[in-house]
Amino acid sequence: MALSIQSTETIASILQKVRDHYGEHCLDNDRVSDCYTIIDEFHANIKEHVATKIDSCQWFLEVVCDDGKVKLEFEYAGPGFDPTQSNPPGEQPVEARPIGGLGLAIMSQLSDEMNYRYENGTNKLTVALDTTLPREDNPCL
């Protein structure tokens, strides 16, 4: 079952919906926290780039957990936009970098796989993570 989410919802309420609905089926570790960060970044992009152009913006999220692997399936109506084809931010100092683009880079870096397709006016983004594996690079270590 996919969760229906309005762009006006807070990220706290969205993550609580995910925990309430899927929590018992998923592990709770750093990689699951990465899933929450990806959901947060996706929601921020929807609010910034989609909801400002239409009257009512709704998106759907299905979380599939199987043997420690988590698949986030996002869907929303609108013009096609393939986040897997966005250019990563350049190696510029933060103060010289244009605003935007970091959310998609974060989503890509935290996921093990990202796939996009556009069907009948609907954007479909699938993000996969293996929560049984440690993070590949942890800048805090």
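Before reading on, note that the structure itself is shown above.
Residues numbered from 1 in each chain as written. Predicted model: local features only at pLDDT ≥ 70, side-chain atom pairs only at ≥ 80, totals over all residues. Heavy atoms only, no water.

Colleague: I'd like a rundown of the nonpolar core, residues and numbers included.
Modeller: Formed by 29 residues in total, the largest nonpolar core has its most connected members in Ile39, Trp59, Leu61, Leu72 and Phe74. Looking at this core, the elements with two or more residues in it are strand E1 (3–6), helix H1 (11–22), helix H2 (30–50), strand E2 (58–66), strand E3 (69–77), helix H3 (102–110) and strand E5 (122–130). Here this core gets 8 residues from one element, more than from any other, and that element is H2. (Core = buried A, V, L, I, M, F, W, Y, C linked by side-chain atoms within 4.5 Å. Buried < 20%, exposed > 50% of the residue type's maximum accessible area, 1.4 Å probe, protein only. Helix = DSSP H or I, 4+ residues; strand = E, 2+ residues; numbered from the N terminus.)

Colleague: Any details on the packing of aromatic side chains? Residues and values, ideally.
Modeller: By the definition in use, this model includes 4 aromatic pairs. Pairing Phe42 with Trp59 gives two aromatic rings, centres 4.9 Å apart and planes at 65°, and the pair type is edge-to-face. You can see Phe42 sitting in helix H2 and its partner Trp59 sitting in strand E2, a full 17 residues away along the chain. A single burial state applies to Phe42 and to Trp59, both of which are buried. Plain terms: the ring middles of Phe42 and Phe74 are 4.0 Å apart, the flat faces sit at 25° to each other, and that makes the pair stacked. Of this pair, Phe42 sits in helix H2 while Phe74 sits in strand E3, and the two are 32 residues apart along the sequence. The two residues Phe42 and Phe74 agree in class, both being buried. Here a set of aromatic residues connected by ring pairs shows up, and it is made of Phe42, Trp59, Phe74 and Tyr76. Above the ring of Tyr36, the side-chain terminus of Arg19 is found at 4.6 Å from the ring centroid. (Phe/Tyr/Trp six-rings, centres within 6.5 Å; stacked < 30°, edge-to-face > 60°. Lys NZ or Arg CZ within 6 Å of the ring centre and 35° of its normal.)

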